[in-house]
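Understanding the architecture of this molecule
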Amino acid sequence: MHRKFEVNRIELVEKIATTHNVSKAEAARILETITGSIVAAVKKGDPVQLIGFGTFKQVARAARTGFNPQAGAAIKIAAQKVPKFVPGAAFKAAVDPKAAKRKADKAAAKPVAKKAAPAKKAAAPKAAAPAKKARK
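One structure accompanies this document, and this report is about it.

1. Here's the deal with the overall build of the protein chain
Of regular secondary structure, the protein chain possesses five helices and five strands. Going from N to C terminus, the protein chain has its helices and strands arranged as α-α-β-β-β-β-β-α-α-α. Classification of the 136 residues of the protein chain by burial places 11% in the buried group. Taking all contacts inside the protein chain whose residues are at least 6 apart in sequence as the whole, residues at least 24 apart take part in 25%.

Here it is in C-alpha cells:
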C-alpha cells in the first residue's frame, strides 16, 4: 500500500526558508509573489513558461451539453476560460525516467529527415522550355 504524500503551502514555505536561510515570513512573501505573478499573467491571457518545469496558460473551453444524473436531464454548460498546466520535458523525465528514455531512444532510432527549402528557380523564358523537350 502506498502512502499518499502531499506538499502544501506551509511545507513549501518551510522548504524555501531552510534552503535559502530566510525567515518563514520572508519565504511566504516570496512564494506569494511567485504564485501571484503566475495567476495575474494567466488571468490576462499570457502564458507563463518556466523552462524545464512547464507552462501555465489559459485555455478556452467550448460550450457543451452535459447530463445531470440527479434530475436525469440534459443541461447546457456555458463556455469558460480555465487555467492549464503543461509539464516541461525535464519535469516529465523526472517523474517518469523510463518514459523519457523510451522517447529519447525512439527519437534516436528515427532517421532525421531535413526539410530542404525549395530552391528558388529563376523564371525561364518560354522559348527555352520547348528546347528542353526537344533534347529528349
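2. Here's the deal with the sheet that holds strand 1 (residues 48–50)
The three strands lie next to each other as 1-2-5, forming an open sheet whose pairing is antiparallel. Two strands in the sheet have a free side with no partner beyond their single neighbour: strand 1 and strand 5 (80–87). Within the sheet, the average angular offset between the axes of one strand and its neighbour, ignoring direction, is 30°. Pairing of strand 1 with strand 2 (residues 54–61) involves three bridges; the strand directions are antiparallel. Paired with L50 across the bridge in strand 2 is G54.

3. Focus: the nonpolar core
V13, I16, A17, A27, A28 and L31 form the largest nonpolar core, which has six residues in total. Listing elements by their share of this core, those giving two or more residues are helix 1 (9–20) and helix 2 (24–44). Once you skip the residues sitting within four places of it in the chain, A17 turns out to touch V22, S23, K24 and A27.

4. Concerning the pattern of salt bridges
Scanning the entire structure with this criterion turns up four salt bridges. Among the salt bridges present, the one from K24 reaches E14, with a minimum N-O distance of 3.7 Å. Within this pair, whereas K24 is found in helix 2, its partner E14 is found in helix 1, the two being separated by ten residues in sequence. Assessed through its relative accessible area of 51%, K24 is described here as exposed.

5. Examining the pairing of strand 2
Here strand 1 folds back onto strand 2 in antiparallel fashion, the turn holding three residues, of which G52 has a positive phi close to 90°. As judged from the eight bridges shared by strand 2 and strand 5, these two strands associate in the antiparallel manner. Following the sheet pairing, R61 is matched in strand 5 by Q80.

6. Some thoughts on the packing of aromatic side chains
By the definition in use, this model includes five aromatic pairs. Ring centres 6.4 Å apart and planes at 35° place the aromatic pair F53 and F56 in the tilted group. Here F56 and F85 contribute two aromatic rings whose centre-to-centre distance is 4.8 Å and whose plane-to-plane angle is 45°, an arrangement assigned as tilted. Pair noted here: F56 is in strand 2 and F85 is in strand 5, with a separation of 29 residues, a long-range link. By relative accessible area, F56 is classed as partly exposed at 22%. Assessed through its relative accessible area of 30%, F85 is described here as partly exposed. A network of ring pairs unites the aromatic residues F53, F56, F85 and F91 as a single cluster.

About the cut-offs
Residues numbered from 1 in each chain as written. Predicted model: local features only at pLDDT ≥ 70, side-chain atom pairs only at ≥ 80, totals over all residues. Heavy atoms only, no water. Helix = DSSP H or I, 4+ residues; strand = E, 2+ residues; numbered from the N terminus. Buried < 20%, exposed > 50% of the residue type's maximum accessible area, 1.4 Å probe, protein only. Contact = heavy atoms within 4.5 Å. Pairing = 2+ DSSP bridges. Axes fitted to C-alpha atoms, helices over the stretch in contact; angles between N-to-C directions. Core = buried A, V, L, I, M, F, W, Y, C linked by side-chain atoms within 4.5 Å. Salt bridge = Lys/Arg side-chain N within 4 Å of Asp/Glu carboxyl O. Phe/Tyr/Trp six-rings, centres within 6.5 Å; stacked < 30°, edge-to-face > 60°.

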